[in-house]
Amino acid sequence: MGAMTGVDRIVIDRSGLEGGHSFEMNYRPIETAQLVGGTDNPNLFDAVREQLGLKLTPMRAPVSVLVIDNATLPAPD
């Protein structure tokens, strides 16, 4: 789970599962969680638990970050 849409945080894969996996999940986007009605889908966190058997746990962990201090266009040839 390198990246998940609908989550405003980095998701670190600590599942121990190896190899590539392809799956589909039905969930209600976080942006619409406050809206009443419209979908019977669970929120993202419940869907991960119910449909994939995994749990998203908030925690602090070191992550790699790339910082770009400056960017300029190259000179024409």
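Scroll up for the structure.
Because the structure is a prediction, the values reported are computed rather than measured.

S.K.: Would you explain the overall build of the chain in this entry?
M.R.: Assigned secondary structure in the chain consists of 1 helix and 0 strands. Across the 77 residues of the chain, 10% fall into the buried class. By sequence separation, contacts in the chain at least 24 residues apart represent 43% of the contacts at least 6 residues apart. Here the chain displays about 7,100 Å² of accessible surface, and carbon together with sulfur accounts for 52% of that area.

S.K.: Help me understand helix 1 (residues 44–52), please; the structure alone is not making it clear to me.
M.R.: Since one α-helical turn is 3.6 residues long, residues separated by three or four positions face the same way. Where helix 1 is concerned, the buried positions are L44, A47 and V48. Mapping the buried residues of helix 1 onto a view down its axis gives an arc of 100°, with all of them on the same face. Of the residues flanking the start of helix 1, the one acting as N-cap is N43, its side-chain oxygen 3.0 Å from the backbone nitrogen of F45. A positive backbone phi angle near 75° is found at G53, which sits one or two residues after helix 1.

S.K.: Could you clarify how one ought to interpret the pattern of salt bridges in this entry?
M.R.: Two side chains with opposite charge may pair up if their charged atoms get near one another. For the structure shown, the criterion picks out 2 salt bridges. R49 serves as the salt-bridge partner of D46, at 3.1 Å between the closest nitrogen and oxygen. Within this pair, D46 and its partner R49 are both found in helix 1, separated by 3 residues, close to a single helical turn. A residue is classified by how much of its surface remains accessible, and D46, at 25% relative accessible area, is partly exposed. The shortest N-O distance in the salt bridge between E50 and R49 comes to 3.9 Å.

S.K.: Teacher, can you tell me more about a nonpolar patch on the surface here?
M.R.: Among the surface-exposed residues, I10, I12, V63, V65 and V67 lie close enough to one another that they form a single nonpolar patch of about 480 Å² accessible area. Locating I12 in the fold gives a position in the segment before helix 1.

S.K.: How should the environment of A61 be read in this particular structure?
M.R.: Considering the arrangement of structural elements, one finds A61 in the segment after helix 1. Along the sequence, A61 and I12 sit 49 residues apart, while their C-alpha atoms lie 8.7 Å from each other. Aside from chain neighbours lying at most four places away, what touches A61 is I12 and R14.

S.K.: Looking at this model, I keep getting lost on the environment of R9. Mind explaining?
M.R.: Mapped onto the elements of the fold, R9 is located in the segment before helix 1. Sequence separation between R9 and P58 is 49 residues, and the spatial gap between their C-alpha atoms is 9.3 Å.

Rules behind the numbers
Residues numbered from 1 in each chain as written. Predicted model: local features only at pLDDT ≥ 70, side-chain atom pairs only at ≥ 80, totals over all residues. Heavy atoms only, no water. Helix = DSSP H or I, 4+ residues; strand = E, 2+ residues; numbered from the N terminus. Buried < 20%, exposed > 50% of the residue type's maximum accessible area, 1.4 Å probe, protein only. Contact = heavy atoms within 4.5 Å. Areas by Shrake-Rupley, 256 points an atom, 1.4 Å probe, with all protein chains shown as cover. Arc of directions from axis to C-beta. Polar contact = N/O pair within 3.5 Å; in protein donor to acceptor, adjacent residues only side chain to side chain. Salt bridge = Lys/Arg side-chain N within 4 Å of Asp/Glu carboxyl O. Patch = residues over 30% accessible without salt bridge, like charges linked within 9 Å, V, L, I, M, F, W, Y side chains within 5 Å.

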